[in-house]
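Descriptive structure summary
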Amino acid sequence: MDLSYLESLLSEKKIIAIGECGFDFFTPEFKATTTEQEIVFKEQLRLAQKYGVPLLLHLRKSIEKIFSYSGELKKLPSVIFHSFPGTFREAESLKKHGINAFFSFGKPILNGKKSAIECVRKLPLQNLLFETDAPYQTLKGEKETLPGDIKTVYQRACELRKISLEEMTESILENFMRAYFQS
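Residues numbered from 1 in each chain as written. Predicted model: local features only at pLDDT ≥ 70, side-chain atom pairs only at ≥ 80, totals over all residues. Heavy atoms only, no water.

1. Section: the overall build of the protein
Scanning the protein from terminus to terminus reveals nine helices and five strands. Along the first, second and third principal axes, the C-alpha atoms of the protein reach 45 × 40 × 30 Å. The buried share of the protein, reckoned over its 183 residues, is 45%. Long-range contacts, defined here as pairs at least 24 residues apart, represent 64% of the contacts in the protein between residues at least 6 apart. Entry remark: accessible area of the protein is about 9,900 Å², with carbon and sulfur atoms responsible for 54%. Once the 26 positive and 24 negative side-chain charges of the protein are each reduced to a mean point, those two points are 5 Å apart. (Helix = DSSP H or I, 4+ residues; strand = E, 2+ residues; numbered from the N terminus. Buried < 20%, exposed > 50% of the residue type's maximum accessible area, 1.4 Å probe, protein only. Contact = heavy atoms within 4.5 Å. Areas by Shrake-Rupley, 256 points an atom, 1.4 Å probe, with all protein chains shown as cover. Lys, Arg positive; Asp, Glu negative; His and termini not counted. Charge placed at Lys NZ, Arg CZ, Asp CG, Glu CD.)

In C-alpha cells:
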C-alpha cells in the first residue's frame, strides 16, 4: 500500500479532507477484504489526525465497525458520515462518544427508509448535511440520480423538519463550513 500521494496532497494543502473511506461489507466479496480495508482505513485515519483534516466515511453493512474507532475519530476536527446508514440511536451514540459528527442523507429519505427519516427528523439541525450521491441512490424506476436532484432531497428534509427551505439551506451551509473548514 502506498499512501504517499495522499500524504503529498495533504502536506501541500491541496485537499481539505480524506474520503470516502471506511468499510464496505455489502457483498461477500467485499466482506472477504475486511483485513485490507482495515489496514487502509487505519492509514487514512492516521493521516487525517496528522494533518488535522476531516474524514468522510463510507459505511455499508459495517456501521458497528466504526464504534471501535470512536476514540481515534474524536481526535479529528470533524467526521462526515456519507449517506449515514445507521439509526438515530447509533448517531446519538457516536456523538456521545465525543465525535464531532455530521450525518449526510440523500434519496433514502425519499424512498421511505425509516432510519434515515427518523435521523433527519430528530438529530439536531447542526449535525445534518444532504447529498445526492449522484449517479447512485436512485428512486424506483430511475436509471441514475442527477446532481440537481438535491432540490428534492432538501424539500423532503424541510417537510420532515417542518422548516422553510431558506432556514434549511442556511443551516446546512453553516454545517458544511463547520465540517470542512473549521480545522
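So, next bit.
2. Quick word on the pattern of salt bridges
Side chains that differ in sign of charge can pair as their charged atoms come close. By the definition in use, this model includes eleven salt bridges. Ionic pairing is found between Lys-122 and Glu-118, a salt bridge with its closest N-O pair at 2.9 Å. Separated by four residues within a single helix, Lys-122 and Glu-118 lie in helix H7 (residues 114-122), roughly one turn from each other. Note that Glu-159 is salt-bridged to Arg-156, the shortest N-O span being 3.3 Å. Of this pair, Glu-159 and Arg-156 both sit in helix H8 (residues 150-161), three residues apart, which is roughly one turn of the helix. Through salt bridges with shared partners, one network takes in Lys-107, Glu-142 and Asp-149. (Salt bridge = Lys/Arg side-chain N within 4 Å of Asp/Glu carboxyl O.)

3. Some points on the packing of aromatic side chains
Counted by the stated rule, this structure contains eleven aromatic pairs. Between Phe-23 and Phe-25, the aromatic rings sit 6.1 Å apart at their centres with planes inclined by 50°, giving tilted as the arrangement. The residues Phe-23 and Phe-25 share a single accessibility class, namely buried. For the pair Phe-84 and Phe-103, a centre-to-centre distance of 4.8 Å together with 70° between the ring planes defines the contact as edge-to-face. (Phe/Tyr/Trp six-rings, centres within 6.5 Å; stacked < 30°, edge-to-face > 60°.)

4. Overview of the pairing of strand E4 (residues 101-105)
Burial analysis of E4 places five of its five residues in the buried class, the great majority of the element. Covered by surrounding structure in E4 are Ala-101, Phe-103 and Phe-105 together with Phe-102 and Ser-104, the residues of both alternating faces. In this structure, strand E3 (residues 79-81) lies alongside E4, joined through three bridges in parallel fashion. Across the sheet, the residue bridging to Ile-80 is Phe-102, located in E4. Remark: the E3/helix H6 (residues 88-96)/E4 crossover connection has right-handed handedness. With three bridges joining them, E4 and strand E5 (residues 128-130) adopt parallel strand pairing. For Ser-104, the partnering residue across the bridge sits in E5 and is Leu-129. Viewed along the sheet, the connection from E4 through H7 into E5 turns out right-handed. (Pairing = 2+ DSSP bridges. Right-handed = clockwise from strand over helix to strand, strands pointing away.)

Geometric descriptors of this kind do not, in isolation, establish any biological role.
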